[in-house]
Amino acid sequence: MAKQWYIVHTYSGFEHKVKSALEERIKAEGKELLFGQILVPTEKVIEMVKGQRKASSRKFYPGYIIVQMELNDETWHLVRHTPKVTGFIGSQERPISLSEEEAQGIIQQMEEGTQKPKPKFRFEKGDEVRVVEGPFATFSGIIDEVMPEKGKVRVLVSIFGRSTPVELDFVQVNRV
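The following paragraphs examine the structure supplied in this document. Remember, it's a predicted structure, so these values are computed and weren't measured experimentally. (Residues numbered from 1 in each chain as written. Predicted model: local features only at pLDDT ≥ 70, side-chain atom pairs only at ≥ 80, totals over all residues. Heavy atoms only, no water.)

The helix and strand tally for the chain stands at three helices and 13 strands. Over its C-alpha atoms the chain spans a radius of gyration of 22 Å, topping by over 25% the 16 Å that the globule rule assigns to 176 residues. Counting the 176 residues in the chain, one finds 36% classified as buried. For the chain, the accessible surface area stands at approximately 10,500 Å², while carbon and sulfur atoms represent 51% of it. Positive and negative side-chain charges of the chain, numbering 26 and 25 respectively, have mean locations separated by a distance of 7 Å. (Helix = DSSP H or I, 4+ residues; strand = E, 2+ residues; numbered from the N terminus. Rg over C-alpha atoms; globule rule 2.2 N^0.38 Å. Buried < 20%, exposed > 50% of the residue type's maximum accessible area, 1.4 Å probe, protein only. Areas by Shrake-Rupley, 256 points an atom, 1.4 Å probe, with all protein chains shown as cover. Lys, Arg positive; Asp, Glu negative; His and termini not counted. Charge placed at Lys NZ, Arg CZ, Asp CG, Glu CD.)

Let us now look at the sheet that holds strand β11 (residues 152–159). Strands pair in a sheet through their backbones, by hydrogen bonds, and they do so in one of two ways: parallel or antiparallel. The strand order across the open sheet formed by five strands is β12-β11-β10-β9-β13, and the pairing between neighbours is antiparallel. Each having just a single partner strand, β12 (162–169) and β13 (173–175) make up the two edges of the open sheet. When strand polarity is set aside, the average angle formed by the axes of neighbouring strands in this sheet is 45°. Bridge count between β11 and β12: eight bridges; the pairing is antiparallel. Paired with K152 across the bridge in β12 is D169. (Pairing = 2+ DSSP bridges. Axes fitted to C-alpha atoms, helices over the stretch in contact; angles between N-to-C directions.)

This part covers helix α1 (residues 15–28). The end-to-end C-alpha distance of α1 is 20 Å, a good match for the 20 Å that 14 residues give at a rise of 1.5 Å each. Along α1, the residues classified as buried are E15, V18, L22 and I26. Around the axis of α1, the buried residues are gathered within 70° of arc, so they sit on the same side. Within α1, the exposed residues directed more than 90 degrees away from the buried face are K17, E24, K27 and A28. Taken from the residues just after α1, G30 is the one with a positive phi, measuring 65°. (Expected span 1.5 Å × (residues − 1). Arc of directions from axis to C-beta.)

Applying the stated criterion across every chain yields a total of eight salt bridges. In this structure, E145 and R154 form a salt bridge, with 2.5 Å as the shortest nitrogen-oxygen distance. Residue class for R154 comes out partly exposed when judged on its relative accessible area of 26%. A salt bridge links K152 to D169; its shortest N-O distance comes to 2.9 Å. One end of the pair, K152, is in strand β11; the other, D169, is in strand β12, and 17 residues separate them in sequence. Residue classification places K152 among the partly exposed residues on the basis of a relative accessible area of 24%. (Salt bridge = Lys/Arg side-chain N within 4 Å of Asp/Glu carboxyl O.)

Attention now goes to unusual backbone geometry. Even without a glycine there, the phi angle at K84 is positive, about 75°. For K84, the position within the fold is in the loop between α2 (73–80) and β6 (85–88). One non-glycine residue, T138, lies in positive phi territory at about 80°. Inspection of the secondary structure assignment puts T138 in the loop between β9 (128–131) and β10 (140–147).

Geometry only, nothing functional implied.
Set out below in structure tokens:
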């Protein structure tokens, strides 16, 4: 039987602890051949903290990990009885596996997030933002245009009572 990917529901905020605990249990019980990768789907994001660009990771499926394994009674019980695991996605007795395309899509999204960090916030035209860095810091404005390929937004900022377009990096603005 080939290994397939399964989504495991965990307590929110305990994804990395569940991953570590599960890896330890697999090793302790000698079941390494029945398991493949165990992943916490995360991506890197860039944000401004006290005027400095800071990279952090964000889970794009909080409360879930994905596990590659051969599903049988032993492996099901091993995963299901790991502390902070609430269950598999699917029915209680028969978890539903991800298709290989879905699993590869999640893995690819993780790899892209590592290679090219994304901004912490997503912006749309018409959003009200506050500039947090640069010569226009503390100014507020409305987003006129979003340029995701450049990682920039055009913000209409009121200077001397006139709306002036200013082009800024995603990390230079925060939503109000």
